[in-house]
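Report on the structure
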Amino acid sequence: MQSRLQLPTFRRFGMAAGVAAILLLAGCSDSSAPRSVLTVTEINNNAPLSSDVRNFGTDRTPNTTDDFVVEDQVAVEILSEVHDPALDVFQSGPFGHIFITNYEIRYESEEEIEPVSGSLAWTIPVNTTFVGSLAVVPVARKAAPPLSVLVSGGEIIATAHITLRGKEKDSNAPVKIETQLPVHFANWVDGN
Ligand SMILES: [Ca+2]
Ligand SMILES: [Ca+2]
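Fair warning: this is a prediction, and the values are worked out from it, not measured in the lab.

Overview of the overall build of the protein
Helix and strand counts for the protein stand at two helices and eight strands. The order of α-helices and β-strands along the protein, N terminus first, is α-β-β-β-β-β-β-α-β-β. Residues classed as buried in the protein amount to 24% of the 192 residues present. Of the contacts made within the protein by residues no fewer than 6 positions apart, 71% connect residues no fewer than 24 positions apart.

Remarks on the pairing of strand S4 (residues 97–109)
Of the pairings in the sheet, the one linking S4 to strand S5 (residues 116–125) comprises eight bridges and is antiparallel in character. Paired with Ile98 across the bridge in S5 is Ile124. Of the pairings in the sheet, the one linking S4 to strand S7 (residues 155–168) comprises eleven bridges and is antiparallel in character. Its bridge partner lying in S7, Phe99 is registered against Lys167.

As for the environment of Thr64
Counting through the fold element by element, Thr64 comes out in the loop between strand S2 (49–52) and strand S3 (72–82). The class of Thr64 is exposed, set by 11 C-beta atoms lying within 10 Å. Excluding anything up to four places from it in sequence, Thr64 contacts Gly57 and Asp59.

Quick notes on the sheet that holds S5
Pairing in this open sheet of five strands is mixed, and the strands run S2-S8-S7-S4-S5 from one edge to the other. Each edge of the open sheet carries a strand with a single partner, namely S2 and S5. Taking the axes of each pair of neighbouring strands and ignoring which way they run, one obtains an average angle of 35° across the sheet.

What to know about unusual backbone geometry
Of the consecutive residues Ala33 and Pro34, the connecting peptide bond is found in the cis state with omega at -10°. For Pro34, the location among the structural elements is in the loop between helix H1 (6–26) and strand S1 (36–43). Look at the link from Pro145 to Pro146: it is a cis peptide, with omega at 5°. With respect to the helices, strands and loops of the structure, Pro146 is situated in the loop between helix H2 (139–142) and S7. Backbone geometry at Asn46 places phi at a positive 60°, although glycine is not the residue there. Within the secondary structure, Asn46 is located in the loop between S1 and S2.

The rules we used
Positions within a chain are numbered from 1, following the residues in the order the chain's sequence is written. Starting at A for chains and at 1 for ligands, labels are handed out in the order in which the entities are written. Restriction of local features to residues with pLDDT of at least 70 applies here, the model being predicted, together with a cutoff of 80 or more for giving and counting side-chain atom pairs; totals for whole chains, interfaces and linings are based on all residues. Each helix corresponds to a stretch of at least 4 residues labelled H or I by DSSP, and each strand to a stretch of at least 2 residues labelled E; elements are numbered beginning at the N terminus. Put plainly, a residue is buried at 20 or more neighbouring C-beta atoms within 10 Å of its own, exposed at 12 or fewer, and partly exposed in between, counting only other residues' C-beta atoms, which are placed from the backbone. Distance between backbone-placed C-beta atoms decides contact: two residues are in contact if it is within 7 Å. Should DSSP find at least two bridges between two strands, the strands are taken to pair. In this analysis, axes come from line fits to C-alpha atoms, helices being fitted only over the stretch in contact, and the angle between any two N-to-C directions falls in the range 0 to 180 degrees.

Interpretation in functional terms is not warranted from these geometric data alone.
Here is the structure:
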(Lines give C-alpha, C1' and ligand atoms only; values in the text may rest on other atoms or scores of the structure.)
(Ligands and ions follow the chains in the order given, each with its own letter.)
Protein backbone atom coordinates (compact mmCIF):
# COMPACT_ATOMS: atom_id res chain seq x y z
CA MET A 1 0.00 0.00 0.00
CA GLN A 2 1.30 3.45 -0.89
CA SER A 3 1.85 5.99 1.87
CA ARG A 4 0.57 9.56 1.57
CA LEU A 5 4.15 10.70 1.10
CA GLN A 6 4.76 8.50 -1.90
CA LEU A 7 1.58 9.38 -3.76
CA PRO A 8 2.48 12.93 -4.94
CA THR A 9 5.80 11.66 -6.31
CA PHE A 10 3.99 8.98 -8.22
CA ARG A 11 1.58 11.54 -9.66
CA ARG A 12 4.39 13.84 -10.74
CA PHE A 13 6.12 10.95 -12.45
CA GLY A 14 2.85 10.09 -14.20
CA MET A 15 2.46 13.62 -15.50
CA ALA A 16 6.03 13.76 -16.74
CA ALA A 17 5.63 10.44 -18.51
CA GLY A 18 2.44 11.72 -20.13
CA VAL A 19 4.12 14.86 -21.42
CA ALA A 20 7.07 12.83 -22.70
CA ALA A 21 4.67 10.50 -24.51
CA ILE A 22 2.93 13.44 -26.22
CA LEU A 23 6.27 14.89 -27.32
CA LEU A 24 7.33 11.49 -28.64
CA LEU A 25 4.08 11.21 -30.59
CA ALA A 26 4.67 14.62 -32.12
CA GLY A 27 8.19 13.53 -32.96
CA CYS A 28 9.74 16.65 -31.52
CA SER A 29 10.66 18.62 -28.44
CA ASP A 30 9.34 22.10 -27.75
CA SER A 31 11.72 23.97 -30.03
CA SER A 32 12.61 21.28 -32.52
CA ALA A 33 11.73 20.93 -36.18
CA PRO A 34 9.30 20.44 -37.73
CA ARG A 35 7.39 23.19 -35.95
CA SER A 36 4.13 22.24 -37.63
CA VAL A 37 2.07 19.24 -36.61
CA LEU A 38 -0.12 17.98 -39.44
CA THR A 39 -3.29 16.04 -38.76
CA VAL A 40 -5.71 14.54 -41.26
CA THR A 41 -9.06 15.87 -40.06
CA GLU A 42 -11.19 14.42 -42.86
CA ILE A 43 -10.76 12.05 -45.79
CA ASN A 44 -13.42 11.33 -48.42
CA ASN A 45 -15.88 13.35 -46.30
CA ASN A 46 -15.34 10.75 -43.55
CA ALA A 47 -17.19 8.12 -45.59
CA PRO A 48 -15.89 4.76 -46.84
CA LEU A 49 -14.95 4.81 -50.51
CA SER A 50 -17.11 2.76 -52.87
CA SER A 51 -14.60 1.96 -55.59
CA ASP A 52 -16.13 0.91 -58.93
CA VAL A 53 -13.84 -1.42 -60.86
CA ARG A 54 -15.48 -0.87 -64.28
CA ASN A 55 -17.96 1.52 -65.89
CA PHE A 56 -19.86 -0.09 -68.76
CA GLY A 57 -20.22 3.24 -70.58
CA THR A 58 -23.22 4.97 -72.10
CA ASP A 59 -24.50 1.78 -73.74
CA ARG A 60 -24.52 0.09 -70.29
CA THR A 61 -23.30 -3.08 -72.04
CA PRO A 62 -20.28 -4.96 -70.71
CA ASN A 63 -17.17 -5.39 -72.84
CA THR A 64 -17.90 -2.84 -75.54
CA THR A 65 -15.58 -0.09 -76.71
CA ASP A 66 -17.12 2.59 -74.51
CA ASP A 67 -16.27 0.78 -71.25
CA PHE A 68 -13.87 2.69 -69.03
CA VAL A 69 -12.15 2.60 -65.65
CA VAL A 70 -12.03 5.58 -63.31
CA GLU A 71 -9.12 6.52 -61.05
CA ASP A 72 -10.52 7.17 -57.58
CA GLN A 73 -9.62 10.58 -56.20
CA VAL A 74 -10.57 11.51 -52.65
CA ALA A 75 -10.40 14.81 -50.79
CA VAL A 76 -7.94 14.89 -47.89
CA GLU A 77 -8.32 17.69 -45.33
CA ILE A 78 -5.19 18.44 -43.30
CA LEU A 79 -4.92 20.76 -40.31
CA SER A 80 -1.51 22.35 -39.80
CA GLU A 81 -0.75 23.71 -36.34
CA VAL A 82 2.41 24.84 -34.54
CA HIS A 83 3.22 22.25 -31.89
CA ASP A 84 4.23 24.93 -29.40
CA PRO A 85 2.10 28.11 -29.45
CA ALA A 86 5.05 29.99 -27.92
CA LEU A 87 6.94 29.62 -31.19
CA ASP A 88 6.62 32.58 -33.55
CA VAL A 89 6.05 30.77 -36.81
CA PHE A 90 4.22 32.61 -39.58
CA GLN A 91 3.22 31.58 -43.09
CA SER A 92 5.45 34.24 -44.62
CA GLY A 93 8.44 33.56 -42.38
CA PRO A 94 10.97 30.79 -41.81
CA PHE A 95 9.51 27.29 -41.39
CA GLY A 96 6.12 28.70 -42.41
CA HIS A 97 5.21 25.88 -44.80
CA ILE A 98 5.30 22.12 -45.08
CA PHE A 99 5.91 20.59 -48.50
CA ILE A 100 4.27 17.20 -49.05
CA THR A 101 6.19 15.53 -51.85
CA ASN A 102 5.09 11.89 -52.04
CA TYR A 103 2.71 9.27 -50.76
CA GLU A 104 2.38 5.53 -50.30
CA ILE A 105 -0.74 3.41 -49.88
CA ARG A 106 -0.82 -0.11 -48.51
CA TYR A 107 -4.09 -2.00 -48.83
CA GLU A 108 -5.05 -4.36 -46.04
CA SER A 109 -7.52 -6.99 -47.25
CA GLU A 110 -8.02 -10.72 -47.63
CA GLU A 111 -6.87 -10.51 -51.26
CA GLU A 112 -3.47 -9.03 -51.90
CA ILE A 113 -3.65 -5.70 -53.72
CA GLU A 114 -0.36 -4.18 -54.81
CA PRO A 115 0.65 -1.05 -52.92
CA VAL A 116 0.59 2.35 -54.58
CA SER A 117 3.11 5.18 -54.45
CA GLY A 118 3.33 8.52 -56.18
CA SER A 119 4.50 12.08 -55.99
CA LEU A 120 2.60 15.11 -54.74
CA ALA A 121 3.25 18.84 -54.80
CA TRP A 122 1.26 20.11 -51.84
CA THR A 123 2.32 23.25 -50.01
CA ILE A 124 0.65 23.52 -46.60
CA PRO A 125 1.02 26.85 -44.77
CA VAL A 126 1.21 26.78 -40.99
CA ASN A 127 -2.02 27.40 -39.05
CA THR A 128 -4.31 26.54 -41.93
CA THR A 129 -6.62 23.80 -43.10
CA PHE A 130 -5.50 22.43 -46.44
CA VAL A 131 -7.54 20.28 -48.82
CA GLY A 132 -5.83 18.16 -51.44
CA SER A 133 -6.98 15.50 -53.89
CA LEU A 134 -5.32 12.10 -53.59
CA ALA A 135 -5.42 9.29 -56.17
CA VAL A 136 -6.10 6.36 -53.83
CA VAL A 137 -6.92 3.74 -56.49
CA PRO A 138 -5.10 4.11 -59.83
CA VAL A 139 -6.56 2.63 -63.03
CA ALA A 140 -3.72 0.10 -63.17
CA ARG A 141 -4.84 -1.52 -59.89
CA LYS A 142 -8.39 -1.99 -61.22
CA ALA A 143 -7.10 -3.45 -64.47
CA ALA A 144 -5.21 -6.24 -62.72
CA PRO A 145 -6.26 -9.10 -60.40
CA PRO A 146 -7.70 -9.28 -57.85
CA LEU A 147 -9.74 -6.13 -58.60
CA SER A 148 -10.28 -6.88 -62.32
CA VAL A 149 -11.98 -10.14 -61.36
CA LEU A 150 -14.73 -8.19 -59.60
CA VAL A 151 -16.10 -6.98 -62.99
CA SER A 152 -18.20 -10.15 -63.15
CA GLY A 153 -19.23 -10.00 -59.47
CA GLY A 154 -18.07 -10.16 -55.89
CA GLU A 155 -16.53 -7.61 -53.59
CA ILE A 156 -13.36 -6.91 -51.66
CA ILE A 157 -13.36 -4.95 -48.44
CA ALA A 158 -10.05 -3.24 -47.75
CA THR A 159 -8.45 -0.62 -45.56
CA ALA A 160 -6.13 1.78 -47.34
CA HIS A 161 -3.24 2.74 -45.03
CA ILE A 162 -2.05 6.06 -46.40
CA THR A 163 1.31 7.68 -45.61
CA LEU A 164 2.14 11.19 -46.81
CA ARG A 165 5.75 12.35 -46.64
CA GLY A 166 7.42 15.69 -47.04
CA LYS A 167 9.58 18.26 -45.32
CA GLU A 168 9.50 21.53 -43.48
CA LYS A 169 10.49 24.67 -45.40
CA ASP A 170 14.01 25.93 -44.56
CA SER A 171 14.99 23.16 -42.12
CA ASN A 172 14.12 20.28 -44.48
CA ALA A 173 13.07 18.35 -41.37
CA PRO A 174 11.13 15.27 -42.50
CA VAL A 175 7.37 15.17 -42.03
CA LYS A 176 5.15 12.11 -42.09
CA ILE A 177 1.35 11.94 -41.85
CA GLU A 178 -0.61 8.70 -41.63
CA THR A 179 -4.30 8.05 -42.11
CA GLN A 180 -6.68 5.27 -43.12
CA LEU A 181 -9.63 4.94 -45.48
CA PRO A 182 -12.05 1.99 -45.73
CA VAL A 183 -12.44 0.98 -49.40
CA HIS A 184 -15.23 -1.23 -50.73
CA PHE A 185 -14.28 -2.60 -54.16
CA ALA A 186 -17.01 -3.99 -56.43
CA ASN A 187 -18.52 -3.49 -59.86
CA TRP A 188 -20.91 -0.86 -58.55
CA VAL A 189 -23.95 0.19 -60.58
CA ASP A 190 -22.79 2.92 -62.96
CA GLY A 191 -24.09 6.43 -62.46
CA ASN A 192 -25.13 8.79 -65.22
CA1 LIG B 1 -20.16 -0.57 -72.68
CA1 LIG C 1 -19.66 -0.35 -62.52
